[in-house]
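Results of the structural survey
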Amino acid sequence: MAGDSETKLDDQAENEQNNRQPFLIGVAGGTASGKSSVCSKIMELLGQNKIDHHQRQVAILSQDSFYRVLTPEQKAKALKGQFNFDHPDAFDNDLIVATLWDIMDGKTVHIPVYDFVTHSRKEETVTVYPADVVLFEGILMFYSQDIRDLFQMKLFVDTDADTRLSRRVLRDISERGRDLESVLAQYITFVKPAFEEFCLPTKKYADVIIPRGADNLVAINLIVQHIQDILNGGLTKRLNGCLNGYGTSQKQQSMESSSRPH
């Protein structure tokens, strides 16, 4: 009888582990503010970057992977630097929401790959396996309420505008085949106004603001310590309970919530 009881307890513990939903962390901030660098630093300090991607407990996703498929007219504008990629409508939010729910259900997901040179989705995808913690970074991660409400922790990377501009210039010229004139024209016409209208106001939703991005090791180490507690199982019960855990009724409630922009 004692053996049966122990077996049932072991099975119950295993089921609870398998059914545990991942801890979702949203990372927002302006263009070239250092969002991906912060995520990479967190992975490095956790030692997750040295682990095979099949076995990683922490995964990183980027909103940049979810740009919409452009129409021929939009693509023509994009090739001329006349399409606003910093506007909320540039992203496939329905696909982002569906992907996040699949992640919360413990499913393996296939993430699109976007080509910034040709402004189109590639045929291949990136496979992301179930993880205990998922970092999802992007300029407008907190803009849509449907997406924002799914994150149990929200980080905003706050970096000086001149620093962000200089980083973007270097990145777009070296990685995306742009020239200086087109980068600056796009920044003045689209990027800066969109940041002020759509991105910066979402800073108020952040639980933690990280000035100076990846250089702020004090803030990052505090976040890493919190994630380490989650990975060690110290917050398991709270993740499924009082710490913004989601069940079936909450999922339905979220689906029915307003998606109006803020």
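Just so we're clear, the structure is a prediction, and the values are computed from it rather than from any experiment. (Residues numbered from 1 in each chain as written. Predicted model: local features only at pLDDT ≥ 70, side-chain atom pairs only at ≥ 80, totals over all residues. Heavy atoms only, no water.)

Looking now at the packing of helix α2 (residues 35-46) against helix α8 (residues 217-231). Contact pair α2 / α8: the axes reach a minimum separation of 10 Å and the direction vectors enclose 55°. With respect to α8, the axis of α2 lies oblique. As for the relative orientation of α2 and α8, their crossing is right-handed in sense. Contacts from Val38, Lys41, Ile42, Leu45 and Leu46 in α2 reach Leu217, Ile220, Asn221, Ile223, Val224, Ile227, Gln228 and Leu231 in α8. Residues of the contact of α2 with α8, tallied by class, amount to ten nonpolar, two polar and one charged. (Axes fitted to C-alpha atoms, helices over the stretch in contact; angles between N-to-C directions. Helix = DSSP H or I, 4+ residues; strand = E, 2+ residues; numbered from the N terminus. Parallel < 35°, antiparallel > 145°, perpendicular 65-115°, else oblique. Left-handed = near helix turned anticlockwise from the far one by under 90°. Contact = heavy atoms within 4.5 Å. Nonpolar A, V, L, I, M, F, W, Y, C, P; charged D, E, K, R; others polar.)

A word on the packing of aromatic side chains. One pass over the structure, following the stated rule, counts nine aromatic pairs. For the pair Phe66 and Phe136, a centre-to-centre distance of 5.7 Å together with 40° between the ring planes defines the contact as tilted. In this pair, Phe66 sits in the loop between β2 (58-62) and α3 (72-79) while Phe136 sits in strand β5 (residues 133-137), placing the two residues 70 residues apart along the sequence. The exposure classification of Phe66 matches that of Phe136, with both residues buried. Pairing Tyr143 with Phe198 gives two aromatic rings, centres 5.7 Å apart and planes at 90°, and the pair type is edge-to-face. In this pair, Tyr143 is assigned in the loop between β5 and α5 (145-148) and Phe198 in helix α7 (residues 180-199), connecting sequence segments 55 residues apart. A relative accessible area of 14% places Tyr143 in the buried class. Judged by its relative accessible area of 8%, Phe198 is buried. (Phe/Tyr/Trp six-rings, centres within 6.5 Å; stacked < 30°, edge-to-face > 60°. Buried < 20%, exposed > 50% of the residue type's maximum accessible area, 1.4 Å probe, protein only.)

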